[in-house]
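Here's the letter readout for the chains.
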Amino acid sequence: MSERLDIEVLYRRGELAALREPWNALWQRCPAATTFQRPEWLIPWCRELGPEEVLALVFRSPSEQGLVGLAPLAIHRYRGERLVALLGAGITDYNDVLAAPGYERAVAAAVLAHLRDRAADWDVADLHDLRGSSPLLAVEAPAGWSDEIEKLEACPMVTIPEGAGPDDLFSPGMRARVGRARKRLAKAGALRVDVADAASVDELLDALFANHRARWVSRGEGGVLDEALRPFHRAVAAGLCARGALRLFGLRLDGRIIASLYGLAERDGLASYITGFDPEFAWYSPGLVMLASAIEHAAREGARTVDFLRGREPYKYEWGAVDRWTYRRRLRHRGAGEAGRSVGQGELEAAVGAVMSGEVSPEVGLVRLLGAAGDLAAAERAIEAAGQGAEAGGGAGEAAARLAALRRCLEERRAACATLVEMLGAHRDAGGGGADAPARAARLFDALCARSEEASVAAYSLGDPELLERSTREVVELLDRWGVLGEDRAVLQIGCGIGRFEAALAPRVREAWGLDVSPGMIEAARRRCAGLSNVVLAVSSGVDLGDVPPARFDLVYAVDSFPYLVAAGEEVVDRHVAEARRVLRPGGELVVLNYAYRGDADRDAADVARLAARHGFDVLVSGERPFALWDGRAYRLRRLDPV
């Protein structure tokens with residue numbers, strides 16, 4: 001389609017709400033569109049979770065009635081830059097524009113042309129969670145723009161064979177498992193599956209919230225349907241139910257809803273968005289029965305696919321799911337690139353210089369560089385500029401060799417670096433104090449852990465398990481040299497992350513406990529430490545050490561977790577040091593590896609000294625840098641007790 005499109009720009013989210021019916025008519029014309037592009041999804045998202053100001057591009061054709069395209073965008077402030085993104089970020093599995101058949105390329109090209117014409121208003125366009133068929137991936141970027149496309153998330157999907165009968169939906173093994181679970185439930189009471197309609201949607205949604213929360217709380221975790229998201233999902237469920245697109249299931253046992261599945265039914269598929277079950281009935285496998293019933297219901301309606309959406313949880317593949325991938329495209333225009341050479345140039349040069357001087361390892365230097373640059377292109381320019389300077393000065397010696405190592409780190413781990421840029425930005429955006437700081441940290445690290453377990457706990461590992469193992473070994477060897485480990489010792493980690501230290505220390509100590517505010521990380525830690533009987537893992541409040549028993553431990557340690565306590569506020573830090581003293585035995589030690597990220601070693605040492613004096617600790621080590629790979633500073637405190 002080559003004709004010129006008329007464009008209307010909407011700047012307020014209220015204007016999107018007024019567009020609901022033309023928007024819905026366009027959605028109906030787009031055979032590849034998902035529920036996540038419906039007005040019933042994005043208008044509640046804007047109202048409950050999104051920005052007041054948007055940049056929605058509405059396209060019309062002189063030769064047609066109605067809309068032929070819609071690009072629901074917004075410009076966000078992100079680490080000092082203006083970032084263009086599609087609406088729905090965070091809880092939307094598939095993002096995209098809407099384009100009527102025959103207009104796909106024209107709409108995508110018009111979106112980029114509009115951004116080109118308004119280049120003074122933005123710096124980076126970050127278009128993520130795009131399916132491979134998205135027109136936003138197919139159209140060429142304007143000349144002079146940097147353009148990066150990367151594979152992003154796996155979305156496992158089951159294909160239902162055409163003409164499949166009830167016995168053809170599942171493998172023999174899965175069919176047997178479902179049959180056994182149904183028999184157990186039938187013996188326990190009357191079994192029924194309900195599907196929400198206008199009269200029952202509120203009841204089934206309340207049951208979903210309750211079952212989802214109960215399941216996660218039973219595992220010591222928080223789940224993803226917190227109170228802040230519930231108004232959004234209530235509005236979505238009501239809107240989709242009216243459109244016939246909601247498949248909200250409830251599995252009842254003697255009238256009580258013991259399992260729930262929140263599904264989205266469009267065209268020839270069912271998407272399973274959120275599930276939950278009452279842990280009181282876990283022995284009966286209600287989640288298994290609920291999912292089987294939902295798949296059978298979808299098949300009866302003529303569905304050809306069941307999409308488990310993003311995430312590679314093992315249970316999805318038990319149903320025969322195969323990965324389908326989403327993609328991310330990052331675009332930076334020429335003007336933004338030029339600005340990048342002046343904005344933050346000192347930080348870029350300092351990051352490269354720290355590597356060339358030998359102050360930090362290439363891995364740590366690369367993390368600093370990516371954090372300062374904000375994208376790969378700016379980081380590469382900084383390395384090349386340093387290389388040109390080195391050549392002018394002779395180009396040989398240790399500094400040049402270290403610069404070459406930095407360049408190799410980026411080149412060999414390009415995909416990991418692109419992911420890391422996003423993760424570093426998320427760290428910065430989620431910072432700050434306040435009563436909700438622990439909840440923000442939990443959401444942040446849940447999301448980061450899902451992207452890369454290794455990089456979420458040690459950015460300088462660049463997502464490489466071998467590098468993470470090296471850094472873990474460095475810390476364990478330090479603790480061993482200090483004599484704080486032993487087969488008769490009990491140790492507790494504040495901020496255990498994915499359990500790498502618990503797994504490493506379990507053979508060396510009597511007990512290894514780990515606490516973390518992130519349910520996702522605790523889940524990863526439990527997988528990593530499966531079978532280790534002397535490891536105890538739990539979700540913490542982020543405010544104190546909860547029900548950890550007093551005077552039980554010989555060592556309390558924190559590896560790169562105190563910076564988040566410091567960011568949350570002085571009271572949070574003070575409470576954790578007081579709690580560390582409470583749970584330590586007389587003579588026990590508190591080891592803090594990295595106190596803060598503020599780049600002021602003298603201030604950090606002074607703060608640690610004041611905390612030690614206030615809570616009865618003697619400072620044995622203050623601010624040393626004992627590691628080769630990591631640049632973390634070490635603080636070692638011993639509990640003082642009356643003689």
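None of these values were measured; they are calculated from a predicted model. (Residues numbered from 1 in each chain as written. Predicted model: local features only at pLDDT ≥ 70, side-chain atom pairs only at ≥ 80, totals over all residues. Heavy atoms only, no water.)

Asker: Please clarify how the confidence of the model for the protein chain should be interpreted in this entry.
Answerer: Keep in mind that low pLDDT regions are not for reading the predicted coordinates in detail. Mean pLDDT over the protein chain stands at 87; residues scoring 70 or higher make up 92%. When the criterion is pLDDT under 50, residues 337-343 qualifies, and its contacts beyond four places in sequence or with other chains add up to five contacts. (pLDDT = per-residue confidence, 0-100. Contact = heavy atoms within 4.5 Å.)

Asker: What exactly am I supposed to notice about the nonpolar core here?
Answerer: Side chains of a nonpolar character, in soluble globular proteins, are inclined to be buried together. Counting 77 residues, the largest nonpolar core has V111, L115, L246, L248 and Y262 as the members making the most contacts within it. With sequence-adjacent residues up to four places away left out, L246 is seen in contact with A196, V201, A237, L240, C241, Y262 and G263. Counting residues in hydrophobic clusters, the runner-up holds 73 residues, among them A458, A459, I498 and F501. (Core = buried A, V, L, I, M, F, W, Y, C linked by side-chain atoms within 4.5 Å. Buried < 20%, exposed > 50% of the residue type's maximum accessible area, 1.4 Å probe, protein only.)

Asker: For this particular structure, what's the right way to read helix α4 (residues 104-117)?
Answerer: What sets the pattern is the α-helix's 3.6 residues per turn: residues three or four places apart point alike. Here α4 contains 14 residues, and its C-alpha end-to-end distance of 20 Å stays within 8% of the 20 Å for a straight helix at 1.5 Å per residue. Every buried residue belonging to α4 is among A106, V107, A108, V111, L112, H114 and L115, and all of these are buried. (Helix = DSSP H or I, 4+ residues; strand = E, 2+ residues; numbered from the N terminus. Expected span 1.5 Å × (residues − 1).)

Asker: Just to check I follow, could you spell out the pattern of salt bridges for this structure?
Answerer: Should their charged atoms come close, side chains of opposite charge can pair. Throughout the structure, instances matching the rule amount to 52 salt bridges. A salt bridge links R12 to E53; the shortest N-O distance between them is 3.7 Å. In this pair, R12 sits in strand β1 (residues 6-12) while E53 sits in strand β2 (residues 53-60), placing the two residues 41 residues apart along the sequence. Relative accessible area serves as the criterion here: at 53%, E53 is assigned to the exposed category. Note that R585 is salt-bridged to D554, the shortest N-O span being 3.0 Å. Placement of R585 in strand β18 (residues 584-593) and of D554 in strand β17 (residues 553-559) is noted, with a sequence separation of 31 residues between them. Residues participating in the shared-partner salt-bridge network are E21, R38, E40, R243 and E266. (Salt bridge = Lys/Arg side-chain N within 4 Å of Asp/Glu carboxyl O.)

Asker: Help me understand the packing of aromatic side chains in this model?
Answerer: In this description, a pair of aromatic rings is defined by centroid distance and the angle of the planes. Within the structure shown, the criterion is met by 18 aromatic pairs. Measuring from ring centre to ring centre gives 5.4 Å for W122 and W145, while their planes differ by 75°; the resulting arrangement is edge-to-face. Of this pair, W122 sits in the loop between α4 and β6 (124-131) while W145 is found in the loop between α5 (135-138) and β7 (146-159), placing the two residues 23 residues apart along the sequence. A relative accessible area of 13% places W145 in the buried class. Arranged with centres 5.9 Å apart and planes meeting at 85°, the rings of F308 and Y315 form a pair that is edge-to-face. Using a relative accessible area of 3% as the deciding quantity, one classes F308 as buried. Y315 gets classed as partly exposed once you look at its relative accessible area, which sits at 34%. An aromatic cluster is defined as three or more aromatic residues linked by ring pairs; in this entry it consists of F36, W41, Y94, F232, Y262 and Y273. (Phe/Tyr/Trp six-rings, centres within 6.5 Å; stacked < 30°, edge-to-face > 60°.)

Asker: How should I be thinking about the pairing of β7 in this particular structure?
Answerer: Regular strands place their side chains on alternate faces of the sheet. Where β7 and strand β13 (residues 322-332) come together, ten bridges link them in antiparallel fashion. Of the residues in β13, the one forming a bridge with P156 is D323. With three bridges joining them, β7 and strand β12 (residues 305-307) adopt antiparallel strand pairing. Across the sheet, the residue bridging to T159 is T305, located in β12. (Pairing = 2+ DSSP bridges.)

Asker: Can you help me understand the pairing of β6 in this one?
Answerer: In terms of burial, β6 is largely enclosed, as seven of its eight residues are buried. One ladder, built from two bridges, connects strand β4 (residues 81-86) with β6; its direction is parallel. When the bridges of β6 are listed, V84 appears paired with A125. Two strands pair when backbone bridges link them, and β6 and β13 are joined in this way by six bridges, in the antiparallel orientation. When the sheet's bridge partners are listed, V124 is paired in β13 with R332.

Asker: Explain the packing of helix α13 (residues 362-373) against helix α15 (residues 398-412) to me, please; I cannot follow it from the model alone.
Answerer: For any two helices packed against each other, the geometry comes down to the angle between their axes and how far apart the axes lie. The geometry of α13 relative to α15 is characterised by a closest axis approach of 9 Å and an angle of 65° between their N-to-C directions. Taken together, α13 and α15 sit at an angle that is classed as roughly perpendicular. Note that α13 runs across α15; the crossing there is right-handed. Residues P362, E363, G365, L366 and L369 of α13 form the contact with α15, whose own contacting residues are A405, L406, C409 and L410. Classifying every residue of the contact of α13 with α15 by side-chain character gives seven nonpolar, one polar and one charged. (Axes fitted to C-alpha atoms, helices over the stretch in contact; angles between N-to-C directions. Parallel < 35°, antiparallel > 145°, perpendicular 65-115°, else oblique. Left-handed = near helix turned anticlockwise from the far one by under 90°. Nonpolar A, V, L, I, M, F, W, Y, C, P; charged D, E, K, R; others polar.)

Asker: Please explain the sheet that holds strand β16 (residues 535-539) as it appears in this structure.
Answerer: Picture the strands of a sheet paired through backbone hydrogen bonds; they go either parallel or antiparallel. The strand order across the open sheet formed by seven strands is β16-β15-β14-β17-β18-β20-β19, and the pairing between neighbours is mixed. Because the sheet does not close on itself, it has two edges, and the strands there are β16 and β19 (617-624). Pairwise comparison of adjacent strand axes, ignoring direction, gives a mean angle of 15° for this sheet. The pairing of β19 with strand β20 (residues 634-639) spans six bridges and is classified as antiparallel. Within β20, the residue paired with V621 across the bridge is R636. Most of the contacts of helix α21 (residues 519-528) go to β16, to which it runs at about 160°, and overall it touches β15 (511-516) and β16.

Asker: Would you mind showing me how to read the environment of E453 here?
Answerer: When you line up the elements, E453 lands in helix α18 (residues 453-457). E453 sits in the partly exposed class, given a relative accessible area of 22%. For E453 and L16, which are 437 residues apart along the polypeptide, the C-alpha to C-alpha distance reads 38 Å. The residues touching E453, leaving out its near neighbours within four places in the chain, are I498, A524, R527 and R528. A polar contact of 2.6 Å, which involves the side chain of E453, links it to the side chain of R527. (Polar contact = N/O pair within 3.5 Å; in protein donor to acceptor, adjacent residues only side chain to side chain.)

Asker: Whenever I open this one, the side chain of S471 confuses me. Can you help?
Answerer: Note that S471 resides in helix α19 (residues 465-481). At 2.9 Å, the side chain of S471 forms a polar contact with the backbone oxygen of L468. Aside from chain neighbours lying at most four places away, what touches S471 is Y460, R500 and L629.

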